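Okay, here's what each chain looks like letter by letter:
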Amino acid sequence: MSILYSKYALGPLTLQNHLAMAPMTRNRATDNIPNVLMAEYYAQRATAGLIITEGTSPSPNGLGYPRIPGISSPAQVEGWRRIADAVHAGGAKMFVQLMHCGRIAHPLNLPAGARMLAPSAVAAAGEMYTDAEGLKPHPVPQAMTAAEIRSTIAEYAQAAKNAVTAGLDGIELHSANGYLLEQFIRPNTNQRTDSYGGPIENRARFVLEVAEAVMDAIGKDKVGIRLSPFGVFNDMPLYDTMEADYTYLAQQLNARGLVYIHLVDHSPMGAPPVPDAIKATFRKLFKRTLILSGGYDAERAESDLAAGRCDLIAVGRPFLANPDLVDRWRTSAAVNAPDMSTFYTPGPKGYTDYPALKK
Ligand SMILES: Cc1cc2nc3c(=O)[nH]c(=O)nc-3n(C[C@H](O)[C@H](O)[C@H](O)COP(=O)(O)O)c2cc1C
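This is a predicted model, so every value here is computed, not measured. Numbers given for residues are sequential positions, taken from 1 along each chain in its written order. For a predicted model such as this one, the threshold for reporting local features is a pLDDT of at least 70, and the threshold for listing and counting side-chain atom pairs is 80 or more; totals across whole chains, interfaces and linings nevertheless cover every residue. To get the side-chain values, all heavy atoms of the structure are used, and hydrogens and water are removed first.

> Would you take a moment to explain the overall build of the protein chain for this structure?
Numbering goes from the N terminus for both helices and strands, where a helix is a DSSP run of H or I of at least four residues and a strand is a run of E of at least two. A count of helical and extended segments in the protein chain gives 11 helices and 14 strands. Every radius of gyration here is taken over C-alpha atoms, with the globule rule written as 2.2 Å times N^0.38, N being the number of residues. Taking 21 Å as the expected radius of gyration for a compact globule of 359 residues, we find that the protein chain reaches 19 Å, a close match to that expectation. Projected onto its principal axes, the C-alpha positions of the protein chain cover 60 × 45 × 35 Å. Only protein chains enter the accessibility calculation, which uses a 1.4 Å probe; a residue is then buried when its area is under 20% of its type maximum, exposed when over 50%, and partly exposed in between. Here the protein chain, with 359 residues, has 57% of them falling under the buried criterion. Here a residue-residue contact requires only that any non-hydrogen atoms of the pair lie within 4.5 Å. For the protein chain, restricting intrachain contacts to residue pairs at least 6 apart in sequence, the fraction spanning at least 24 positions comes to 72%. Methods summary: accessible areas were calculated by the Shrake-Rupley approach with a probe of 1.4 Å, and residue burial reflects only the protein chains presented. Surface summary for the protein chain: the accessible area is close to 13,700 Å², and the carbon and sulfur share equals 56%. By the counting scheme adopted, Arg and Lys are positive, Glu and Asp are negative, and His together with the chain ends is not counted. Here the site of a charge means atom NZ of a Lys, CZ of an Arg, CG of an Asp or CD of a Glu. Between the centroid of the 34 positive side chains of the protein chain and the centroid of its 34 negative side chains there is a distance of 3 Å.

Structural data, given as structure tokens:
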């Protein structure tokens, strides 16, 4: 009996199977507003158990990349409502990933009046793509004041409420891959000397306060979080106390009782390996749902579920390239290969035109 294709209870929600579509930024949201093309893309993939949306900013300040959606303005909330309706009609549940880019941004990408905020004024190595002028060096962000920390937490809480207003089933805090929440956790990007910097109890404070604020706003069953222990994306180097820091986070998040933790593993994309030991630590310390991701095919998904390593499997690139991935995996059919050249380009090409199997 397959576990993968059987139902799963995520808190009070019933998922139609154990497969989640991993969050994937696709840069089709012209003017940062979710649109009809996006509704078509997500609806095509609604045979997943859970769809986690592309990174979506809770604040104008968090819109670091071109054409990524937000969920703070009325037009954005209305756009998400259309998408949630289309996805629910297909049977999937949907969590919006709240991604505040922090220092991974460029003023040319930000809307008028928005600012690049981060824990400390430390620029990321490398370059950021802008529609206006192509690749530009990462600028130095502004270190957040105490008042900006408070207002940013309030923006997350409001975004969570907006998600529920739009009919989405919950939110995933993006605390991975070098964006704002991880910038607070990691010592290279957090050089603060106040109660948000220094030992891990302080570096974890912002993410835990954000988690508490969104849970107060919409309830703990509607809040998950994504973490990338041992992740190095966006200039986040490995450091000595990484394992102890993430063990502390696992304990603290468990104590708060949010519905899931979702771990990133980008080793199939060429990143350094994520030790099995840290995944096992999360499994042991976190009592609610654990989602693993990174390089899964059907066989490995089934085997990790059967071994009890996690409760759900999130899949990125195979879902991007196969709108009917669940059927293809279930019937061992051939799969389409993803086309990297259209991952982030505007328009339907490489987005809504991947073929489904003929029925
Ligand atoms: C085009 C693309 C965009 C992505 N955007 C995001 C994102 O917005 N948020 C996030 O947490 N991860 C993002 N990821 C990472 C995926 O969620 C996933 O962890 C990664 O693709 C590895 O899983 P896979 O081997 O199943 O593709 C992205 C990956 C791809 C390929």
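> Can you help me understand the sheet that holds strand β4 (residues 50-56) in this one?
Strand pairing in a sheet relies on backbone hydrogen bonds, with the paired strands running either antiparallel or parallel. We call two strands paired when DSSP finds no fewer than two bridges between them. The sheet built from eight strands closes into a barrel, its strands ordered β3-β4-β5-β10-β11-β12-β13-β14 with parallel pairing. If you compare each strand with its neighbour and ignore which way they point, the axes differ by 25 degrees on average. Axis angles are defined between N-to-C directions and span 0 to 180 degrees, where every axis is a line fitted to C-alpha atoms and, for a helix, only to the segment in contact. Relative to β4, helix α1 (residues 36-44) is tilted by about 145 degrees, and along the sheet it contacts β3 (19-21), β4 and β5 (93-98).

> Would you mind showing me how to read the site of the ligand here?
As a structural note, the neighbourhood of the ligand is formed by 19 residues, with Pro23, Thr25, Arg226, Gly295 and Arg317 the closest of them. Here a polar contact is taken to be a pair of N or O atoms separated by no more than 3.5 Å, where protein atoms must pair a possible hydrogen donor with a possible acceptor and residues adjacent in sequence count only if both atoms sit in side chains. One nitrogen or oxygen atom from the side chain of Thr25 is found 2.6 Å from an oxygen atom belonging to the ligand. At 2.6 Å from an oxygen atom of the ligand is found a side-chain nitrogen or oxygen belonging to Arg317. Burial of the ligand by the protein amounts to 96% of the accessible area it has alone, namely 600 Å². Class assignment of the residues belonging to the shell around the ligand gives a composition of eight nonpolar, nine polar and two charged. One heavy atom within 4 Å of a molecule or strand is enough for the residue carrying it to be called near that molecule or strand. Each residue gets one label: Ala, Val, Leu, Ile, Met, Phe, Trp, Tyr, Cys and Pro are nonpolar, Asp, Glu, Lys and Arg are charged, and the others, such as Gly, are polar.

> How do you make sense of the packing of helix α6 (residues 205-218) against helix α7 (residues 242-256) when you look at a structure like this?
Two quantities define a packed helix pair, namely the angle between the helix axes and the distance between the axes. The geometry of α6 relative to α7 is characterised by a closest axis approach of 11 Å and an angle of 15 degrees between their N-to-C directions. Taken together, the axis directions place α6 and α7 in an arrangement best described as roughly parallel. Judged by the twist between their axes, the crossing of α6 over α7 is right-handed. Residue-level contacts link Val207, Leu208, Glu212 and Met215 of α6 to Leu249, Gln252, Leu253 and Arg256 of α7. A class-by-class count of the residues in the contact of α6 with α7 yields five nonpolar, one polar and two charged. Here the word oblique covers every angle except those under 35 degrees (roughly parallel), over 145 (roughly antiparallel) and from 65 to 115 (roughly perpendicular). By definition, turning the near helix anticlockwise from the far helix through less than a right angle yields a left-handed crossing, and turning it clockwise yields a right-handed one.

> Looking at this structure, how should I read unusual backbone geometry?
With a phi close to 55 degrees, Asn177 is a non-glycine residue in the positive phi region. Considering the arrangement of structural elements, one finds Asn177 in the loop between β10 (170-175) and α4 (180-185). Although it is not a glycine, Asp235 adopts a positive phi angle of roughly 60 degrees. By secondary structure assignment, the location of Asp235 is in the loop between β11 (223-227) and α7. For Asp235, a relative accessible area of 32% corresponds to the partly exposed category.

> So what exactly am I meant to see when it comes to the pairing of strand β13 (residues 289-293) here?
Taken residue by residue, a regular strand's side chains alternate between the two faces of the sheet. With five of its five residues buried, β13 lies for the most part within the structure. Going residue by residue along β13, you find Thr289, Ile291 and Ser293 tucked away on one face and Leu290 and Leu292 tucked away on the opposite face as well. Once the chain exits strand β12 (residues 260-263) it traverses helix α8 (residues 276-285) before rejoining the sheet at β13, and the crossover so formed is right-handed. Pairing between β13 and strand β14 (residues 312-315): three bridges, direction parallel. Along β14, the bridge assignment pairs Leu292 with Ile313. Handedness of the β-α-β unit built from β13, helix α9 (residues 298-306) and β14 comes out right-handed. Here the term right-handed applies to a crossover when the path leading from its first strand over the helix to its second strand runs clockwise, the strands being oriented away from the viewer.

> Just checking my understanding: could you explain the pattern of salt bridges for this structure?
Where charged atoms from two side chains of opposite charge come close, those side chains can pair. Salt bridges are identified by distance alone: a Lys or Arg side-chain nitrogen within 4 Å of an Asp or Glu carboxyl oxygen. Under the counting rule described, the total for this entry stands at 15 salt bridges. The partner of Arg67 in a salt bridge is Asp131, with the nearest N and O atoms 2.8 Å apart. With Arg67 in the loop between β4 and α2 (74-90) and Asp131 in the loop between β7 (127-130) and β8 (134-137), the pair connects residues that are 64 residues apart, well separated along the chain. Take Arg67: its relative accessible area is 14%, and that puts it in the buried class. Here Glu148 and Arg115 are joined by a salt bridge, their closest N and O atoms 2.2 Å apart. Of the two residues, Glu148 sits in helix α3 (residues 146-165) while Arg115 sits in the loop between β5 and β6 (117-118), which places them 33 residues apart along the sequence.

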